[in-house]
Amino acid sequence: MTQTKLIIITALFFTLFSNYSFFNNVLEVYPLGDGNILYILSLSIILFAFMVLLFTLLSSKYTTKPILILLLLVSSFTAYFMNSYHVVIDTDMIRNTMQTNIDESSDLFSFKLLIYLLLLGILPAYLVYKTPLYYGSFKTELLKKGKVMLFSILIIVIMLFSFSKFYTSFFREHKPLRYYTNPTYWIYSIGDYIAKTFNSGEIVLKSIGVDAKVVKKEEKPKLVIVVVGEATRADHFSLNGYSRETNPLLKKENIINLPHVNSCGTSTAYSVPCMFSIYDRGEYSYKKGISTENVLDVLYHTNSIDILWRDNNSDSKGVALRVPFEDYKTSKNNTICDEECRDEGMLVGLDKYIKKRDGKDVLIVLHQMGNHGPAYNRRYTKKFEKFTPVCETNQLEECSKESINNAYDNALLHTDYFLSEVIHLLKKHDKKYKTTMIYMSDHGESLGENGIYLHGLPYFIAPKAQTHIGAVVWFGKNNQIKFDPTKQYSHDNLFHTLLGLFNVQTKVYDKKMDMFK
Ligand SMILES: [Zn+2]
């Protein structure tokens, strides 16, 4: 067949079979019963015509087949994740994917994914591969390409004008709907990701806070442990009034719960660099984050604080590039590993490390595996399985809401235990140090409310479950700081709070943002 015909068939296939999530979301906003059927039909035609336009633009004797095959294969993945977890494949999701390691992705493999891969990817890709294509002369092909593209544009324009009122509402008030189109939106996202990541010129690291120095030397040095949590949502903490006891050990400690803390982003790759950066949520971007020093660098500039980052998550997302970093996802360093390495393994040997500091100020950051989904049931050992039955598959939509909550809450019990162990460790050094623990999750988590799972939705459409995070502070005996924990705080506060805790004087310190001042 001609390549035009192949393109039309493939675009039709995408429209009919790979856009379940898109039409599902459209129907939620524009239900069929309200006479919306014509709109939805025209929307399908636009989506189809747009794909024909795009594929034709990219087509040539050497590119048509490879491109269509690649699009089919990748789209079978994206269709699976969008349908199963209600995620969208935006620029941040691409970045998350690029920064995810095999261990984390293996949590996502399932039989259903294989079916998607086979029916929406491999099989149609194979048919494309096997179809012999007829090509005319360069001139005829070019002319035909022009005609097809012109015709596609014409169809799109006619549709837009015929239903202009509908499209005004569609594009203006329901902008997020287009995030669910497959493969068009992920193609756009990859382009955007590449433009933002590679095409932005060489990254020159901007130093900040080079004037930083520790003032008011007190007789006792400071020992601060920051725990960066993973995917704990505030409303599942019993400290925040959750009906189940999910903080049984923490509540026995003299902790201060922070009930109103918002995350900077809805994913690890966005939130972690943002929380250590000088920028607030409004100003922060990935590019600014990697091209500006963070609070660890500023503390380092004082030359009087020892810093250590231990990571059991994936990595520090670029935060600890210039300070000592230890990977605890490997049994080479982590001595507490069974089917996976456990967060409490990060505490082994810290006693020794602290003693070696010889009375210097110390900051330790522990980046947890925490409640990393969807396999919550793998995030804890048997002794934390208090709530049953638990969802045992990564196909959350197949589990009952109750069993997902059970597994998630059991994982919270494990974090509760971990944090209480951090406090026990700090208590051992209470005599020699002024000790503090700050715990903040990187983002929240959706557990199936309105069919939404996991996290990573664009901030402005993300439900509160993904942005309202668990956060707790603990002070040692010699360090009883009074502050108002009930105020509204966010990741934006961490930068200045850490500078304040270590009595660091620098131009970049903003007292108003310091939670403890
Ligand atoms: Zn995360």
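Look up a bit, the structure's there.
What follows is about the packing of helix α3 (residues 37–57) against helix α8 (residues 138–162). The relative placement of two packed helices is expressed as an angle between their axes plus a distance between the axes. Two elements in contact, α3 and α8, have axes separated by 9 Å at closest approach and are oriented at 155°. When the axes of α3 and α8 are compared, the pair comes out roughly antiparallel. Crossing handedness for the pair α3 and α8: left-handed. Facing S42, I45, I46, A49, F50, V52, L53, T56 and L57 of α3, the residues of α8 in contact are K145, V148, M149, S152, I153, I155, I156, M159 and L160. Residues of the contact of α3 with α8, tallied by class, amount to 14 nonpolar, 3 polar and 1 charged.

With mixed pairing, 7 strands are arranged side by side in an open sheet as β3-β11-β8-β2-β7-β5-β6. In this open sheet, the two strands that pair with only one neighbour each are β3 (255–257) and β6 (325–327). With strand direction ignored, the average angle separating the axes of adjacent strands in the sheet is 15°. Contacts from helix α11 (residues 268–276) reach β2 (222–229), β5 (305–311), β7 (361–367) and β8 (434–441) within the one sheet, and its direction differs from that of β2 by about 160°. Relative to the sheet, helix α15 (residues 401–428) contacts β2, β3, β7, β8 and β11 (471–475), its axis offset from that of β8 by approximately 165°.

Below, the discussion takes up the pairing of β5. Counting buried positions along β5 yields 7 of 7 residues, so the element is predominantly enclosed. Burial of β5 is two-sided: the residues I305, I307, W309 and D311 facing one way and the residues D306, L308 and R310 facing the other way are all buried. Pairing of β5 with β7, which is carried by 7 bridges, proceeds in the parallel orientation. In the sheet register, W309 faces β7, and the bridge partner there is V365. Pairing of β5 with β6, which is carried by 3 bridges, proceeds in the parallel orientation. Among the inter-strand pairings, W309 is bridged to a residue of β6, identified as F325.

On the surface, L73, F111, L114, I115, L118, L119, I122 and L123 cluster together to form a nonpolar patch covering roughly 740 Å² of accessible area. Looking at which element gives the most residues to the nonpolar patch, the answer is helix α7 (residues 111–130), with 7 residues. With respect to the helices, strands and loops of the structure, L73 is situated in helix α4 (residues 64–85). What makes L73 partly exposed here is its relative accessible area of 33%.

Calculation criteria
Residues numbered from 1 in each chain as written. Predicted model: local features only at pLDDT ≥ 70, side-chain atom pairs only at ≥ 80, totals over all residues. Heavy atoms only, no water. Axes fitted to C-alpha atoms, helices over the stretch in contact; angles between N-to-C directions. Helix = DSSP H or I, 4+ residues; strand = E, 2+ residues; numbered from the N terminus. Parallel < 35°, antiparallel > 145°, perpendicular 65-115°, else oblique. Left-handed = near helix turned anticlockwise from the far one by under 90°. Contact = heavy atoms within 4.5 Å. Nonpolar A, V, L, I, M, F, W, Y, C, P; charged D, E, K, R; others polar. Pairing = 2+ DSSP bridges. Buried < 20%, exposed > 50% of the residue type's maximum accessible area, 1.4 Å probe, protein only. Patch = residues over 30% accessible without salt bridge, like charges linked within 9 Å, V, L, I, M, F, W, Y side chains within 5 Å. Areas by Shrake-Rupley, 256 points an atom, 1.4 Å probe, with all protein chains shown as cover. Salt bridge = Lys/Arg side-chain N within 4 Å of Asp/Glu carboxyl O.

Nothing here speaks to function; it is all geometry.
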